[in-house]
Amino acid sequence: MPATLVISGPLLSVLAFAWAGHLFRYFVMAGTTDLVFYRLLPEWIQKGRRIGSRRASWADFKREALYSIQTTAIFAVIAVFVVWGSRQGFMKLYTDFDSRGAGYFWASLAGIFVFHDFFFYWIHRLMHVPGVYERVHLVHHKSVSPTPWTSFSFHPLESLLESLPVVVYLAVVPMHAKALLLFQFLSMAANIYAHFGQEWTPPWLERVFPFRYVLRSIDHHYHHDRFTGNYGFYFRIWDRIWGTYVQPEKAGLNAKARVSSSSF
Ligand SMILES: [Zn+2]
Ligand SMILES: [Zn+2]
């Protein structure tokens, strides 16, 4: 059923559609990445790309999947709030494509990535303040060797905080429902890449603009490995501006480490 039809329907259908969509993007996208890059690829290719020497366990997977299911339910409730708010007029999700055109569609999509990343950077730094960290962010940091399954492994409060940048953006900037849907899937792809556990970008890409400013898997992996630095989500811009970027390779974290223990 087209998304635009769903969002004009009963709120219960919106809830069901949104929850199914979030579950799909978690299980299908993370599952496909896991299947292709961890199960189907030969060990020798993986070993050349896998970051660090620690490996996630089956217990990690179970914890991450359970927290992630909880996160998808919270995100679905947030989706209902956004749709309901748009009907009330204080949120700005729209469905009439011609009212703003294609240029606006793509500009609003690009805008949400920059806004989300900036907002997320500061929320993330706030979540590392002692006291907040133990109560909220520790759940995500239990994954010291992240895999695609880590992507939605959040404490419920963190799930709400993670939703906040998108809700604030939609309260200010009109966005077409399909642009929002596209954002959700592209954002999930970036999330899975951040928690990939493997690094496929060649070193020479670091010297090519704009990749120097795009977050790599190894950058976020470093954050999970050392619990500090590299707070961005899509880009390294804010980390570079506020001096929190750490080059993982210079700090001893590499993508060619040998597997040292039994792996998930
Ligand atoms: Zn963190
Ligand atoms: Zn993470």
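Structure: see above.
## What to know about the nonpolar core
Judged by nonpolar contacts, the single largest core of 25 residues is most densely connected at Val-82, Leu-93, Ile-112, Leu-170, Met-175, Leu-180 and Phe-183. Of all elements in the fold, only helix H1 (3-7), helix H4 (58-88), helix H5 (101-127), helix H7 (156-172) and helix H8 (177-194) reach the threshold of two or more residues within this core. The leading source of residues in this core is H5, at 5 residues. Among the nonpolar cores identified, the runner-up in size contains 11 residues, and Tyr-26, Met-29, Ala-30 and Ala-65 belong to it.

## Re the coordination of the zinc ion (ligand 2)
The coordination sphere of the zinc ion (ligand 2), as far as protein atoms go, consists of His-140 (NE2), His-195 (NE2), His-220 (NE2) and His-224 (NE2), spread over 2.0 to 2.1 Å. Here the zinc ion (ligand 2) is ringed by 4 donor atoms whose angles at the metal span 92 to 157 degrees, and the overall shape comes out irregular. The sequence pattern describing where the donors of the zinc ion (ligand 2) fall on their chain is H-x54-H-x24-H-x3-H. Taken together, the positions of His-140 in helix H6 (residues 132-141) and His-224 in helix H9 (residues 217-226) put the pair 84 residues apart, joining distant regions of the chain.

What counts, and at which threshold
Residues numbered from 1 in each chain as written. Chains lettered and ligands numbered in written order. Predicted model: local features only at pLDDT ≥ 70, side-chain atom pairs only at ≥ 80, totals over all residues. Heavy atoms only, no water. Core = buried A, V, L, I, M, F, W, Y, C linked by side-chain atoms within 4.5 Å. Buried < 20%, exposed > 50% of the residue type's maximum accessible area, 1.4 Å probe, protein only. Helix = DSSP H or I, 4+ residues; strand = E, 2+ residues; numbered from the N terminus. Donors = N, O, S within 2.8 Å, 3.2 Å for Na, K, Ca; no water. Tetrahedral: all angles 85-135°; square planar, octahedral: opposite > 155°, others 65-115°.

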